[in-house]
Amino acid sequence: MSNSVNVHPLFSPWGRFGLYSFFIDAPEPAIVDTGIASSPAEGMAPALEAIGRRIEDVRWILLTHGHIDHIGGAHALWELTGRRAKVVIHEADAPMLRSRRAHVEEYLAGRGRYLRDPGGEAKVAAATQAVISGEMEPSLLVNGGETLSLGGDVTVSVHAIPGHTPGSVAYSLDGQRSVFVGDAVQVHGAANGFPGYTDPAAYRAGLEYVRDELRPEHLYLGHPYRRADGTPYGVGLDAAQAQEALTQSLEAESRVGAAACDCLRNGLRETQSPYSPFSPAAEELGYTGDPALEPSPFFTSMHGYRTQHHQNS
């Protein structure tokens, strides 16, 4: 059982988002998520030094999912620990740690089908070269249900909450209900203004699991996700904010799902709209963001509903 272990957000700059990792100040220190290739040296190391900690002493690298802005710095961070840290990821997202090409394949199978960008594949491939510090084999594959010992009496439990990606997980500091969810609690989206998930039913089930089973006293988000009115949360939420964010996430999924299902029932039609073939859903939702702006959550989620619709037909 953990006894009031301190958690420190570590910010790394990147584009319009900014990236957050979290330092768990345990006897065997852990970092949750790693940003991109430059994040460990440029963001994490100075932030840790400022609180009297050393990046070389990190012994656990806990990855919430396989997207490039969460695993991109994993190899670089592992190197900075003298290759002593254990790198943990869910089995379903492990290919994205092992191979840059897996990110390109994900793009082509999902949002890339709708973006009408002949150079899209090359752009994603270039991005993986720029922001992923190295391909690597994880030290430990998890599936949910595991307990990791961070030394002393500090343990972290692993919970599978697929939906945002197939291998999304939550890490919970046992005894204090500090829960790290990466991007599995999207609220109304981050800078793109739209929630993104590959499997809508699994995403909803994951939100309900975090709300009902994990009941976080402290909820740590991968980005400053936004409320319905567009104002961002911080990345460290207290119990009341966590419940609000989970409730709003469920409400947003219901609203997006209803619009997507209406669109699918009426049949998809190609148009000149940048939201095609899902332009009726965008119109119903009042969504006016740029659907081509990476990570293109509008098309990611719409494709998820389309896949779900086909499975249920």
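Here the structure is shown first, and the text comes after it.
Notes on the structure follow.

Reading guide: rules and limits
- Residues numbered from 1 in each chain as written.
- Predicted model: local features only at pLDDT ≥ 70, side-chain atom pairs only at ≥ 80, totals over all residues.
- Heavy atoms only, no water.
- Helix = DSSP H or I, 4+ residues; strand = E, 2+ residues; numbered from the N terminus.
- Rg over C-alpha atoms; globule rule 2.2 N^0.38 Å.
- Buried < 20%, exposed > 50% of the residue type's maximum accessible area, 1.4 Å probe, protein only.
- Contact = heavy atoms within 4.5 Å.
- Areas by Shrake-Rupley, 256 points an atom, 1.4 Å probe, with all protein chains shown as cover.
- Lys, Arg positive; Asp, Glu negative; His and termini not counted.
- Charge placed at Lys NZ, Arg CZ, Asp CG, Glu CD.
- Pairing = 2+ DSSP bridges.
- Axes fitted to C-alpha atoms, helices over the stretch in contact; angles between N-to-C directions.
- Phe/Tyr/Trp six-rings, centres within 6.5 Å; stacked < 30°, edge-to-face > 60°.
- Lys NZ or Arg CZ within 6 Å of the ring centre and 35° of its normal.
- Salt bridge = Lys/Arg side-chain N within 4 Å of Asp/Glu carboxyl O.
- Parallel < 35°, antiparallel > 145°, perpendicular 65-115°, else oblique.
- Left-handed = near helix turned anticlockwise from the far one by under 90°.

Focus on the overall build of the chain
And then number 1: Along its length, the chain carries 10 helices and 12 strands.
And then number 2: For 313 residues, the compact-globule estimate of 2.2 N^0.38 gives 20 Å, and the chain sits close to it at 19 Å.
And then number 3: Here the C-alpha coordinates of the chain stretch approximately 60 × 40 × 35 Å along the principal axes.
And then number 4: Burial analysis of the chain (313 residues in total) assigns 53% to the buried set.
And then number 5: Long-range pairs, those at least 24 residues apart, make up 65% of the contacts in the chain between residues at least 6 apart in sequence.
And then number 6: Of the roughly 12800 Å² that the chain leaves accessible, carbon and sulfur atoms contribute 50%.
And then number 7: Distance between charge centres in the chain, computed from 24 positive and 37 negative side chains, equals 3 Å.

Some thoughts on the sheet that holds strand E1 (residues 7-12)
And then number 1: Sheet architecture is open: 6 strands sit in the order E1-E2-E3-E4-E5-E6, paired in mixed fashion. Edge positions in the sheet fall to E1 and strand E6 (140-142), since each has one partner strand and no second. Across this sheet, the average inter-strand angle for adjacent strands is 25°, counted without regard to direction.
And then number 2: Looking at chain direction, E1 and strand E2 (residues 19-24) are connected through 6 bridges and run antiparallel. When the sheet's bridge partners are listed, Pro 9 is paired in E2 with Phe 22.
And then number 3: Where helix H1 (residues 39-50) meets the sheet, its contacts fall on E1, E2 and strand E3 (30-32), and the angle it forms with E1 comes to roughly 140°.

Details of the packing of aromatic side chains
And then number 1: Here the structure, examined in full by the defined rule, presents 15 aromatic pairs.
And then number 2: Here the aromatic rings of Tyr 275 and Tyr 287 are separated by 6.0 Å at their centres, their planes lie at 70°, and the arrangement is edge-to-face. Of this pair, Tyr 275 sits in the loop between helix H8 (239-265) and helix H9 (279-285) while Tyr 287 is found in the loop between H9 and helix H10 (297-312), placing the two residues 12 residues apart along the sequence.
And then number 3: By relative accessible area, Tyr 275 is classed as buried at 12%.
And then number 4: On the basis of relative accessible area, Tyr 287 is assigned to the buried category, the value being 10%.
And then number 5: Connected via pairs of aromatic rings, a cluster forms that spans Tyr 114, Phe 194, Tyr 275, Phe 278, Tyr 287, Phe 298 and Phe 299.
And then number 6: Above the plane of the ring of Trp 60 lies Lys 86, whose end atom (NZ or CZ) is 5.0 Å from the centre.

Quick word on the pattern of salt bridges
And then number 1: In total, this model carries 16 salt bridges according to the counting rule given.
And then number 2: As a salt-bridge pair, Arg 116 and Glu 270 come within 3.6 Å of each other at their nearest N and O atoms. Of the two residues, Arg 116 sits in the loop between helix H5 (101-109) and helix H6 (120-131) while Glu 270 sits in the loop between H8 and H9, which places them 154 residues apart along the sequence.
And then number 3: Owing to a relative accessible area of 46%, Arg 116 belongs among the partly exposed residues under this scheme.

A look at the packing of H5 against H6
And then number 1: Two elements in contact, H5 and H6, have axes separated by 9 Å at closest approach and are oriented at 150°. Considering the angle they form, H5 stands roughly antiparallel to H6. Here H5 and H6 pass one another in a crossing that is right-handed. In this structure, H5 contributes Arg 101, His 103, Val 104, Tyr 107 and Leu 108 to the contact, and H6 contributes Gly 120, Glu 121, Val 124, Ala 125 and Thr 128.

Read these as layout, nothing more, since geometry by itself doesn't imply function.
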